[in-house]
Amino acid sequence: MLDIEPDLEALLEQLTVEGEAHDRREPDHARQVLNLEPVTAELISMLIRSSRRRRVLEIGTSNGYSTIWLAWAVGEEGRVTSLDRSEEKQRLAADNLVRAGLRDRVDLRCGEATELVSQLEDGLDCVFFDADRISAPQQLERLLPFLDQDVLLLADNAISHLEEISGYLLAVESMPDLAHTVVPVGKGLSLAHRR
């Protein structure tokens, strides 16, 4: 694992175990936490830290597992804005961010992401799509005015849910100024960077 403090590493491992157990017990897909695979979370964190991203948008907070990784990766000067439609999940995420000591780096916003993205400030240098894959192309289109020239776009489930995410992948691939690839890690990570 990356050079993460032992207490934070232990919390992330605990959330992984608890999330997997919760999802096995919970038949309602909307109530599952569906945490990012640790290997994918670690890769995203490395990408953000190594390229010194400081203004990150996450679409799909859930219980805050990936949000913790993002908040740690942006450092003390960075900010993460994380969107989720579930108030219950955002309360859980807020609690987990407090436990991680990273609550002050994250702006949690509750509502439909496609509407919320139109209310953001510009200067986003990284966007992580990890929620409703079908509406991701609309969200990307609305986000374009807010993105830095050097933006990094990430999306999970690029292999596991190819049919659902295909619209987003086509949108990214159709943008001539973006270099795009899918990394076969976890459930597949779509990675695009503006040339």
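Along each chain, residue indices are assigned from 1 in the same order as the chain's sequence is written. Local features in this predicted model are restricted to residues whose pLDDT is 70 or higher, and side-chain atom pairs enter the listing and the counts only when it is 80 or higher, whereas totals over whole chains, interfaces and linings include all residues. To get the side-chain values, take all heavy atoms of the structure and skip hydrogens and water.

What is the right way to look at the packing of aromatic side chains in this model?
By convention here, two paired aromatic rings are described through the distance between centres and the angle between planes. Only Phe, Tyr and Trp rings take part, Trp by its six-membered ring, and two of them pair if their centres are within 6.5 Å. Stacked means planes under 30 degrees apart, edge-to-face means over 60, and tilted covers everything else. Across all of its chains, the model carries one aromatic pair by this definition. Ring centres of Phe 129 and Tyr 168 lie 4.9 Å apart, and the angle between their planes is 50°; on these two criteria the pair is classed as tilted. One end of the pair, Phe 129, is in strand E4 (residues 124-129); the other, Tyr 168, is in helix H7 (residues 162-173), with 39 residues separating them in the sequence. Both residues of the pair, Phe 129 and Tyr 168, count as buried. A run of H or I in DSSP becomes a helix once it reaches four residues, and a run of E becomes a strand once it reaches two; helices and strands are each numbered from the N terminus. Here's how the labels work: a residue is buried when its accessible area is under 20% of the maximum for its type, exposed when over 50%, partly exposed in between, all with a 1.4 Å probe on protein chains only.

For this particular structure, what's the right way to read the pattern of salt bridges?
Two side chains bearing opposite charge may form a pair once their charged atoms approach each other closely. The rule for a salt bridge is simple: a side-chain nitrogen of Lys or Arg has to be within 4 Å of a carboxyl oxygen of Asp or Glu. Applying the stated criterion across every chain, the model contains 10 salt bridges. Residues Arg 109 and Asp 107 are paired through a salt bridge, measuring 2.8 Å at the closest nitrogen-oxygen approach. Since its relative accessible area comes to 24%, Asp 107 is described here as partly exposed. It is possible to trace a salt-bridge network through shared partners that takes in Glu 26, Arg 31 and Glu 88.

Help me understand helix H1 (residues 6-25), please; the structure alone is not making it clear to me.
Each full turn of the α-helix corresponds to 3.6 residues, which orients residues three or four apart in the same direction. For H1, with 20 residues, the first-to-last C-alpha span of 29 Å sits near the 28 Å given by 1.5 Å per residue. All of the buried residues in H1 are Leu 8, Leu 11, Leu 12, Leu 15, Thr 16, Gly 19, Ala 21 and Asp 23. In this analysis, two residues are considered to be in contact whenever any of their non-hydrogen atoms come within 4.5 Å of each other. Those residues of H1 that are buried are in contact with helix H2 (38-50), helix H3 (65-74) and helix H4 (87-100). What a helix is expected to span follows from its residue count: subtract one and scale by 1.5 Å.

What is the right way to look at the nonpolar core in this model?
Generally speaking, soluble globular proteins have nonpolar side chains that are buried together. What is meant by a nonpolar core is a set of buried Ala, Val, Leu, Ile, Met, Phe, Trp, Tyr and Cys residues, joined one to another through side-chain atoms within 4.5 Å. Counting 32 residues, the largest nonpolar core has Leu 8, Ile 44, Ile 48, Ile 68, Leu 102 and Leu 154 as the members making the most contacts within it. Among the elements of the structure, H1, H2, H3, H4, strand E3 (106-110), E4, strand E5 (147-155) and strand E7 (189-194) are those that each provide at least two residues to this core. Top contributing element to this core by residue count: H3, with eight residues. By size, the runner-up hydrophobic cluster in this structure holds 26 residues, among which are Val 127, Ala 136, Leu 140 and Ala 171.

Help me understand the pairing of strand E6 (residues 178-183), please; the structure alone is not making it clear to me.
Any two strands with at least two DSSP bridges between them are considered paired. With six bridges connecting them, E6 and E7 associate as antiparallel partners. Among the inter-strand pairings, Val 182 is bridged to a residue of E7, identified as Ser 190. Hairpin remark: E6 followed by E7, antiparallel, with five residues in the connecting loop; positive phi at Gly 186, about 60°.

Please explain the sheet that holds strand E1 (residues 55-59) as it appears in this structure.
The strands making up a sheet associate through hydrogen bonds between their backbones, and the pairing can be parallel or antiparallel. Pairing within the open sheet is mixed, and its seven strands lie in the order E3-E2-E1-E4-E5-E7-E6. Two strands close off the open sheet at either side, each with one partner strand: E3 and E6. Along the sheet, successive strands turn relative to each other by an average axial angle of 15°, direction set aside. Bridge count for E4 against E5 is five bridges, and the pairing is parallel. Paired with Leu 124 across the strands is Leu 147, a residue of E5. Here the axes come from fitting lines to C-alpha atoms, over the contacting stretch only for helices, and the angles between their N-to-C directions go from 0 to 180 degrees. Running at roughly 165° to strand E2 (residues 79-84), H3 makes contact with E1, E2, E3 and E4 of the sheet. Sheet strands in contact with H4 are E2 and E3, and its direction is about 170° off that of E3.

Note that every value here comes from positions in space, so none of it alone points to a role or purpose.
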